[in-house]
Amino acid sequence: MAKPAVATSSRLFGTVLFLLLCTSTCALYADEAGINDFVIRTAGHGQVGVRYASLIEHSTPKSDDEGDNNNIDSSGVWVTSQSNEFPGAVSDGNLADTTGGGGEVTSNFEPIIGKINTSNDEESSCSIAGRNVTSGEVLWRVNACSSSGSSIANTKHGEFTPRHVTLASSTYSKVVYSMDNTGVFRGWNSNDGMLQLDMDLFQQINDVDETEKYQFPHDLPRLLDTSHPRIIGTVVVAEEGGDDESLVLLDTKTGQPIPSSPSSKEEKPFIALSAKSLLAKAKVSKKKYDTARIVDVMFVKGDDTNNDSSNKKHQGHLAVLVAWSSLNQEIAAPKNTQVTKSISSFSSMAWIDVKLKEVIQTSEPPEASAPKSEDYDDWSTTLIKSISYSHEVVKGAPFNVDGIGSTPLLLSSLRKVVGENNNNNSLSVLAIAASTSQLLLVTNINAVSGNGGGVGRSYEIDMLHPYWRIIDTISVPQVEDGNTVTTLTIAGVDDRYPTSRRIESLFVLSVDRSEGGEPLHRVYGSEKKSDEEIMHNAVVLCPTFESTGLVVTAMEDGGDVVAMPYAFNDGQTAWSLKTFDGDSSIVPSTRGGTSSIGRNDRAHLLECSPESMTVAFTTTGGMTTAFQFEASSSGTTKATKLWTSEEALGSVSAAVFLDETHAMVTPSDSQEAAVNADYEEEKALRNLQFSSRIQMQLESLKEGIFGGGLLSSLKSMAIMSDEKKAERDIAFGFAKVAVLLSENMHRVVALDTMKRNVIWSMNLHSGASWHKIVHGGQFISLNDPHGNGGVNDHEMLAMSHIEGASSSSVEWKCVDGLSGRVFSRDTSPVKASISQIVPLRTSSHQPHLHDSSGCRQVALLVHSDNTVSVIPDTARSRAIVDEAVAAGKNGLFVHSIDKHTGEFRSQIVSRKAGSNSFDLVTVGTTVFDPSQEKIVNVAYPRRGEVMQSPSTVLGDESLLLKYLNPHLVVVVTEATPTFFSEMKPDAGEESTNGFYNSLSTGSSTQQMRKPLGAAKPGEGPPNVANTAAPSLFVSLVDSVSGQILHRVSHSHVDSADELFEATNVPVVVSENWVIYTFFNQRTRRTDVGVLTLHEGMIDKNGITAFSAPEQEMTFSSLESAKPIILSRTFGLAKAVSALGVTSTKAGISSKQFMFATGNDQVISLDRRFLDPRRPNGDLKESEKMEGLMKYAPMLPIIPFLTPSHVHEVSSVQSISSSSAHVESQSLVLAYGGPDVFFSRVSPSKGFDLLPDDFNRGLLTVVVVGLLVALNVIQRMNKKKMVTSFWS
């Protein structure tokens, strides 16, 4: 009787011992399954980067002590956008062609260099973002454009011109204003981005003034900061003529055009000042110029002391600067090129004095108890009936400047420097001469009470900087150094290099020097004025730092872009390098610093005080980094990197998941490091083998018994440390590295999904027409444990296609996806355009050391001239191609698609006899006639997808066989407007188009039997007439045979006018399912199309122990029959921008399809909701057993099936997924817009997870107690048995 007890005790002891000795990675807790949901938000400025930036400070009292004015808590919001750096500057271009009638639109008051070629960027560049200054967190982001459409791009010069303008200044401290090119004027709260006002300017002014219709000059808006808290200026032009601009004043509280006073005699009910009439008032003639322009406007407080009852804060004068100018004048640009600008001169300008008086009509006089502050907004608003302004053009005076009055200048470069309190006593104006080799300065201007003139000076470019060839821009900082001294930043261009370089320098402007002194002088980098060799990409000054000032610059240093602090001398004539401690790297060489030449770097002052200085550096298509420099008693400056933002994450075009299976190696170019890296990779791959895992388990058991590991195992069961969690994440496959490609920003970024940070990034060729990352092979499983092309293989190719004048080439880099280390790189010439890239990877692991021209990852390039090439072009790469050719039954098949001609061509690759090159032989061809339909999307099956079963078990136990074709290609086409008009007849007419008639009759001469569950036996599809012309087509094409397997059409528009230039039809292919979505203009909803492909079905008695139907073990595109298609269309209440599907280790978990919706959410739906076999009537018992649901035309949006839940994920373009090492978990990444979203989801819930409320400590106590009790019982039983034997 004792033996069973002892045996049971031994087995239980062994089980308990296994649990104790097993590390904590043997279990995953369900309460941790959702902790990895996160969103990385970017400012959303894309490849254009930050062009406009402004700091809005928010100060709140810390205590009630009113006597302590310094006791405040200051926090700021840094507002950035892609709009123009100078929102009020004059635009350049042809005013006569503002309707988009084919005329050229040039850059809008922008630098001569640093242009961004956005010819391949169809996304709108309309985002405005607010960041926290200290943490860099994106607090809010809004879309400033009211309509969809691309940003304007100059087709001649490739210049970017945004569709909106942004204004955020100290005048309007609480609101950020924007105006788009359609005239929509909006105000956004600077704290949270909430919309505060929304007004259509042209609807307002065109409705009230029916005699003239207005628009923006060049279709480009402007916002002028008037320094009046209630007034913002904008400039419009009449549609007819277009040679006379008008200044319109807008109310900052309501957004409405400010009305004229009822007592005024103005023809228009709103204030609109015509430039021509103002120039006539000043008696300034046209001379050689022909267009009247509004240049600038500023508010000067009134000095009328007799009227005590007037609201002095809101009354005064407007000083308006107007000019005659000529358009489309070509000026010199770098590398002997020309750009078009607007030209004028000071002698063709005039200052106009406009007197403003605020008229407030109230329903009754304000009560005595009402606050009588200077700001009338503090009064009770119920008393205010209306607010208007009476204005009077007092006088106009020509802008008389001696010496330089007739010198042509760039009107868009004109900047004003205003003295203390905007009192007009120390106004100065700077501009760049039309020759771009002179700087023009006018000081001592009195725009209102004087004669409008000033003292003029010119500075030759050699006096400004010896290496400048062209003067680029003039910037007046937000922080001014005192009342009479202003530090300016002037940038010039040095075009001695292959890529022109922008260099910034500091200049001090003083307006009260003694007569004969120069008001403008440069601040040199040393007392000896010898800093010309140090070229600063960006310069920023904090004038109050340690009372003398601190200059911080961005410059090259050993491949890195670094921030360098300099101290001002007392005379503000030079700065000297200041000793500092801390990290000052803006862009490390490992993250693209070596490619900074040619980028448009900028420095932005975020905070300035005697004790500290905060500055942010932005790079076009790169990173944004913020530093804080603090003073110390030791005399050194402490540099602290506050935050870094990788802007490339805001425009990701492709993603590859990699497993973190071993520690990353520090990037190095030494051969020793390369040997160590290969050794570490070989070791990690060997550890994944079954024998290695058994050996490690035995060693762990030995350590647990004899090495004191028992106690530590008990502790780890009760308490999960961060280190153990990290080990568990790696063991369960949660630790992934997502390698992200941003084609628009020419950058590759690696994101650690567990640590939620960027671990490395790399710049690609900035002049390339496209980039691709190549990883894996054609038919290699992504879960291959040996790392041969799967997620455990970290080697990939980054390819860039460079188009030259006479030839093209591909620049490639062989990169370690975990560390970013470049194993090898080279440039391969290509003779013809590339139509397809085929990834290839050997099926056997062959360890080797990396040479300078080789890579384990291979790409086969298919060219348009029916030739192929291999990258890298080495003997080993060609051997991998030979292996792929020999692996197929009939060889290696590839295909090419020409979207312009609509030709789909299937080809086979073969090796030329006795040669290192390969041949292409065309097998089949399908043509989508471009005159009838255009290709809008092409989709492929998910490479390496794991499938649990090749059939579906139906409710009656029969089998529905899946049609699994790895060569399936989904081609989505849309009818051309001409073909659609020909197909669809007019009302009451009969179409002569046979294709339309065959679709509209709904009849079929031959009907195929559908599988059980799709319809009743013998029942066919309903005979419903289709009266709408088809406009969208989905074709299933076999890429080996080139034949169309199936074609389905949809009617998604009513007229040809509704056919878009770019229709978004996301498609996802998973196993034998094809899911696609499109917006149906006819029903005003999103339609979800579902196709399932089947080979046929086997009856429940078709497979027995003695009989089975004949089945082909291999699939052949040339011999297999066409699939049986089941289809269904559902409706969804939200617009869809991207589709995805979950992926699990063994494919056992249910599939969930992911939808990125138009309301910035990522939702999921179980595959059962999308099953085309959902019956229309009541469910039968067999259908219930199978899990089918009754058909419903609308798909539900279930809140708890929304992975993004509280997160907003904007403009998602793609959704990728990867499996974990536990079957229940799938890792999902949504990207393509300004946000990157990552989540871990459970499609079939956590069937291999412990409960959420599982008590680990209690389990430990129970197991230990049970073990002790068993030992005690065993001893008692043994003692009892011995006693009984002796008795």
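Because the structure is a prediction, the values reported are computed rather than measured.

(A) Fine view of the overall build of the chain. Looking only at helices and strands, the chain features 13 helices and 70 strands. Here the analysis covers contacts within the chain between residues at least 6 apart in sequence; of these, 63% occur between residues at least 24 apart. Of the roughly 56,500 Å² of accessible surface on the chain, 51% is carried by carbon and sulfur atoms.

(B) Just helix H9 (residues 875–887), in detail. Here H9 spans 18 Å end to end across 13 residues, near enough to the 18 Å set by a 1.5 Å rise per residue. All of the buried residues in H9 are Ser877, Arg878, Ile880, Val881 and Ala884. Looking straight down H9, one finds its buried side chains confined to an arc of 155°; they lie on one side. Relative to its buried face, H9 has exposed residues pointing more than 90 degrees away, namely Ala875, Ala886 and Ala887. Buried residues in H9 make contact with strand S49 (834–840), strand S50 (858–863), strand S51 (868–871), strand S52 (892–898), strand S53 (903–911) and strand S54 (918–927).

(C) View of unusual backbone geometry. In this structure, the amide linkage connecting isoleucine 871 to the following residue, proline 872, adopts the cis form with an omega of -5°. With respect to the element layout, proline 872 can be found in the loop between S51 and H9. At lysine 283, a residue that is not glycine, the phi angle is positive and equals roughly 60°. Within the element layout of this structure, lysine 283 appears in the loop between helix H3 (275–281) and strand S17 (291–301).

(D) The arrangement of the pattern of salt bridges in detail. Tallied over the entire structure, the rule returns 31 salt bridges. Note that aspartate 251 is salt-bridged to arginine 230, the shortest N-O span being 2.8 Å. Placement of aspartate 251 in strand S15 (residues 245–251) and of arginine 230 in the loop between strand S13 (224–228) and strand S14 (231–238) is noted, with a sequence separation of 21 residues between them. Arginine 230 sits in the buried class, given a relative accessible area of 5%. In this structure, arginine 1085 engages aspartate 1087 in a salt bridge whose closest nitrogen and oxygen atoms are separated by 2.8 Å. Of the residues examined, arginine 1085 reaches a relative accessible area of 26% and is grouped as partly exposed. Of the residues examined, aspartate 1087 reaches a relative accessible area of 5% and is grouped as buried. Via salt bridges that share partners, Arg41, Arg141 and Asp1235 belong to a single interconnected network.

(E) View of the sheet that holds S50. Pairing is antiparallel in the open sheet, where three strands are placed in the order S49-S50-S51. Here the strands that pair on one side only, and so sit at the sheet edges, are S49 and S51. The sheet shows a mean angle of 25° between the axes of neighbouring strands, taken without regard to direction.

(F) How the structure looks around helix H13 (residues 1256–1286). Helix length check: H13 (31 residues) gives 45 Å between terminal C-alpha atoms against 45 Å at 1.5 Å per residue, within 8%. Of all the positions in H13, only Arg1256, Thr1260, Val1263 and Leu1267 are classed as buried.

(G) Up close: the sheet that holds S53. An order of S52-S53-S54 is seen for the three strands of this open sheet, with the pairing classed as antiparallel. The outermost strands of the open sheet, each flanked by one partner alone, are S52 and S54. Geometrically, the sheet is characterised by an average inter-axis angle of 25° between neighbouring strands, direction not taken into account. Direction of pairing for S53 relative to S54: antiparallel, over a ladder of nine bridges. Residue glutamine 907 lies in a different strand from S54, and its bridge partner there is threonine 922.

(H) Representation of the nonpolar core in the model. In terms of nonpolar packing, the biggest core is built from 51 residues, with Leu318, Val320, Val322, Ile352, Leu430, Leu439 and Leu520 touching the most fellow members. A per-element tally of this core places strand S18 (residues 316–333) first, with six residues. Discounting residues that sit within four places of it in the chain, leucine 318 has contacts with Leu249, Val297, Met298, Phe299, Ile352, Asp353, Val354 and Leu356. If you look at the next biggest cluster of nonpolar residues, it comprises 31 residues, including Ile56, Ala168, Leu197 and Val248.

(I) Main features of the pairing of strand S29 (residues 501–510). Counting buried residues in S29 gives ten out of ten residues, a clear majority hidden from the surface. Pairing of S29 with strand S30 (residues 520–523), which is carried by four bridges, proceeds in the antiparallel orientation. Counterpart to phenylalanine 507 in the pairing with S30 is arginine 522.

(J) Seen up close, the pairing of strand S42 (residues 736–742). Burial of S42 is extensive: seven of the seven residues sit out of reach of the surface. Every second residue of S42 is oriented toward a common face, with Lys736, Ala738, Leu740 and Ser742 on one face and Val737, Val739 and Leu741 on the other, all of them buried. Here strand S41 (residues 654–659) pairs with S42 via six bridges, running antiparallel. Bridged to alanine 655 within S42 is leucine 740. Across six bridges, S42 lies against strand S43 (residues 747–752) in antiparallel orientation. The residue bridging leucine 741 from the neighbouring strand is valine 748, located in S43. Turn length for the S42-S43 hairpin, with the two strands adjacent in sequence and antiparallel, is four residues, and the turn residue histidine 746 shows positive phi of about 55°.

(K) Main features of the state of the cysteines. Summed over all chains, the structure comprises three disulfides. Bridging cysteine 126 to cysteine 145, the disulfide has an S-S length of 1.8 Å. Because the torsion about its S-S bond is -75°, the bridge between cysteine 126 and cysteine 145 counts as left-handed. Of the two residues, cysteine 126 sits in the loop between strand S3 (72–81) and strand S4 (127–132) while cysteine 145 sits in the loop between strand S5 (138–143) and strand S6 (152–153), which places them 19 residues apart along the sequence. Using a relative accessible area of 3% as the deciding quantity, one classes cysteine 126 as buried.

(L) Representation of the packing of aromatic side chains within the structure. Summed over all chains, the structure comprises twelve aromatic pairs. A centroid spacing of 5.2 Å and a plane angle of 65° characterise the contact between phenylalanine 346 and phenylalanine 399, whose relative ring orientation is edge-to-face. Taken as a pair, phenylalanine 346 in the loop between strand S19 (337–344) and strand S20 (349–362) and phenylalanine 399 in the loop between strand S21 (384–398) and strand S22 (409–410) lie far apart in primary sequence, 53 residues in all. The exposure class assigned to phenylalanine 399 is buried, which follows from its relative accessible area of 1%. Considering the side-chain rings of tryptophan 1073 and phenylalanine 1153, the 6.2 Å spacing of their centres and the 35° angle between planes classify their relative orientation as tilted. With a gap of 80 residues between them, tryptophan 1073 in strand S62 (residues 1073–1080) and phenylalanine 1153 in strand S66 (residues 1152–1157) connect regions that are remote in the sequence. When the ring centre of phenylalanine 734 is taken as reference, the NZ or CZ atom of arginine 1240 above it lies at 4.0 Å.

(M) The environment of proline 1196, seen in detail. Topologically, proline 1196 is positioned in the loop between helix H12 (1181–1186) and strand S68 (1214–1219). In sequence terms proline 1196 and leucine 1132 are 64 residues apart; their C-alpha atoms lie 7.5 Å from each other. Among residues more than four places away in sequence, those in contact with proline 1196 are Leu1165 and Phe1169.

(N) Focus on the side chain of serine 169. Tracing the chain through its elements places serine 169 in the loop between strand S8 (164–167) and strand S9 (175–180). One polar contact links serine 169 to aspartate 225, side chain to side chain, over a distance of 2.9 Å. Residues contacting serine 169, with those up to four places away along its chain left out, are Ser54 and Asp225.

(O) Local environment of a nonpolar patch on the surface. On the surface, Val1264, Val1268, Val1272 and Met1276 cluster together into a nonpolar patch covering about 330 Å² of accessible area. Relative to the elements of secondary structure, valine 1268 occurs in helix H13.

(P) The arrangement of the confidence of the model for the chain in detail. Across the chain, the average pLDDT comes to 77, with 73% of residues at or above 70. Within the chain, the lowest mean pLDDT, 45, falls on helix H1 (residues 2–21), and the highest, 95, falls on strand S61 (residues 1067–1070). Scored below 50 in pLDDT, residues 305–310 makes two contacts in the model with residues more than four places away or belonging to other chains. In this model, residues 663–675 is a region of pLDDT below 50 whose contacts with residues beyond four sequence positions or in other chains number 14 contacts.

(Q) Expanded view of the environment of isoleucine 445. With respect to the helices and strands, the residue isoleucine 445 is situated in strand S25 (residues 438–445). By relative accessible area, isoleucine 445 is classed as buried at 0%.

(R) Quick look at the environment of serine 806. Structurally, serine 806 can be placed in the loop between strand S46 (795–803) and strand S47 (808–816). Here the alpha-carbon distance between serine 806 and lysine 831, two residues 25 residues apart in the chain, equals 9.8 Å.

Parameters at a glance
Residues numbered from 1 in each chain as written. Predicted model: local features only at pLDDT ≥ 70, side-chain atom pairs only at ≥ 80, totals over all residues. Heavy atoms only, no water. Helix = DSSP H or I, 4+ residues; strand = E, 2+ residues; numbered from the N terminus. Contact = heavy atoms within 4.5 Å. Areas by Shrake-Rupley, 256 points an atom, 1.4 Å probe, with all protein chains shown as cover. Expected span 1.5 Å × (residues − 1). Buried < 20%, exposed > 50% of the residue type's maximum accessible area, 1.4 Å probe, protein only. Arc of directions from axis to C-beta. Salt bridge = Lys/Arg side-chain N within 4 Å of Asp/Glu carboxyl O. Pairing = 2+ DSSP bridges. Axes fitted to C-alpha atoms, helices over the stretch in contact; angles between N-to-C directions. Core = buried A, V, L, I, M, F, W, Y, C linked by side-chain atoms within 4.5 Å. Disulfide = S-S within 2.5 Å. Phe/Tyr/Trp six-rings, centres within 6.5 Å; stacked < 30°, edge-to-face > 60°. Lys NZ or Arg CZ within 6 Å of the ring centre and 35° of its normal. Polar contact = N/O pair within 3.5 Å; in protein donor to acceptor, adjacent residues only side chain to side chain. Patch = residues over 30% accessible without salt bridge, like charges linked within 9 Å, V, L, I, M, F, W, Y side chains within 5 Å. pLDDT = per-residue confidence, 0-100.

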